Amino acid sequence: MSTRSTARFVRYRVMAHPDGAFRVSATCMNGACPYVVSPTEKADTVSRAMQEHTASTGHAVFSRTIEDTAVVVLADRAEQERRAEANALEYWHLGGAAEDARANV
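Colleague: I'm lost on the nonpolar core in this one. Help?
Modeller: Where a protein is soluble and globular, its nonpolar side chains tend to be buried together. Membership of the largest hydrophobic core is limited to 9 residues, which are Val24, Ala26, Cys28, Cys33, Val37, Val46, Ala49, Met50 and Phe62. Elements with a contribution of two residues or more to this core: strand S2 (23-28) and helix H1 (43-57). Once residues within four sequence positions are removed from consideration, phenylalanine 62 is found in contact with Thr27, Cys28, Met29, Tyr35, Met50, His53 and Thr54.

Shown next, in the form of structure tokens:
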């Protein structure tokens, strides 16, 4: 049995994970002010909290952090299909459903 490797250029792309959600938080930037809005998926809640803080203190500058869950995927559809076929063949060769059944016992 011999092993063979092939070097080729594979393109990836980074995108937002379809099951992930954006989370927003904010921190008041006025000197030593400790005001922080905890991360939440509701951006309007953070905006409202920042407005209320500004109204009560006069502090108007905030550092806002927006984060999401990212996923890296193959950019080329043909490469996606080739790898799916290779993985399915390897899965079958290693026992496929029989391996799953043993793991679930």
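That covers the picture; the talk isn't over yet.
Colleague: When you look at a nonpolar patch on the surface in this model, what are you seeing that I'm missing?
Modeller: Together, Tyr12, Val14 and Val72 make up a nonpolar patch on the protein surface, roughly 330 Å² of accessible area in all. Within the fold, valine 14 resides in strand S1 (residues 12-16).

Colleague: I would appreciate a short explanation of the sheet that holds S2 in the present structure.
Modeller: Strand-to-strand pairing in sheets goes through backbone hydrogen bonds, with the strands running parallel or antiparallel. If you trace the 3 strands from one edge of the open sheet to the other, you get S3-S2-S4, paired in antiparallel fashion. Of all strands in the sheet, those with a lone pairing partner are strand S3 (36-40) and strand S4 (62-67), marking the two edges. Looking at each pair of strands side by side, their axes are set apart by 10 degrees on average, direction ignored. Of the pairings in the sheet, the one linking S2 to S4 comprises 6 bridges and is antiparallel in character.

Colleague: What is the right way to read the environment of histidine 59 from this model?
Modeller: Within the fold, histidine 59 resides in the loop between H1 and S4. Residue contacts for histidine 59: discarding those within four places in its chain leaves Cys28, Asn30, Cys33, His53 and Thr54.

The rules behind the values
Residues numbered from 1 in each chain as written. Predicted model: local features only at pLDDT ≥ 70, side-chain atom pairs only at ≥ 80, totals over all residues. Heavy atoms only, no water. Core = buried A, V, L, I, M, F, W, Y, C linked by side-chain atoms within 4.5 Å. Buried < 20%, exposed > 50% of the residue type's maximum accessible area, 1.4 Å probe, protein only. Helix = DSSP H or I, 4+ residues; strand = E, 2+ residues; numbered from the N terminus. Contact = heavy atoms within 4.5 Å. Patch = residues over 30% accessible without salt bridge, like charges linked within 9 Å, V, L, I, M, F, W, Y side chains within 5 Å. Areas by Shrake-Rupley, 256 points an atom, 1.4 Å probe, with all protein chains shown as cover. Salt bridge = Lys/Arg side-chain N within 4 Å of Asp/Glu carboxyl O. Pairing = 2+ DSSP bridges. Axes fitted to C-alpha atoms, helices over the stretch in contact; angles between N-to-C directions.

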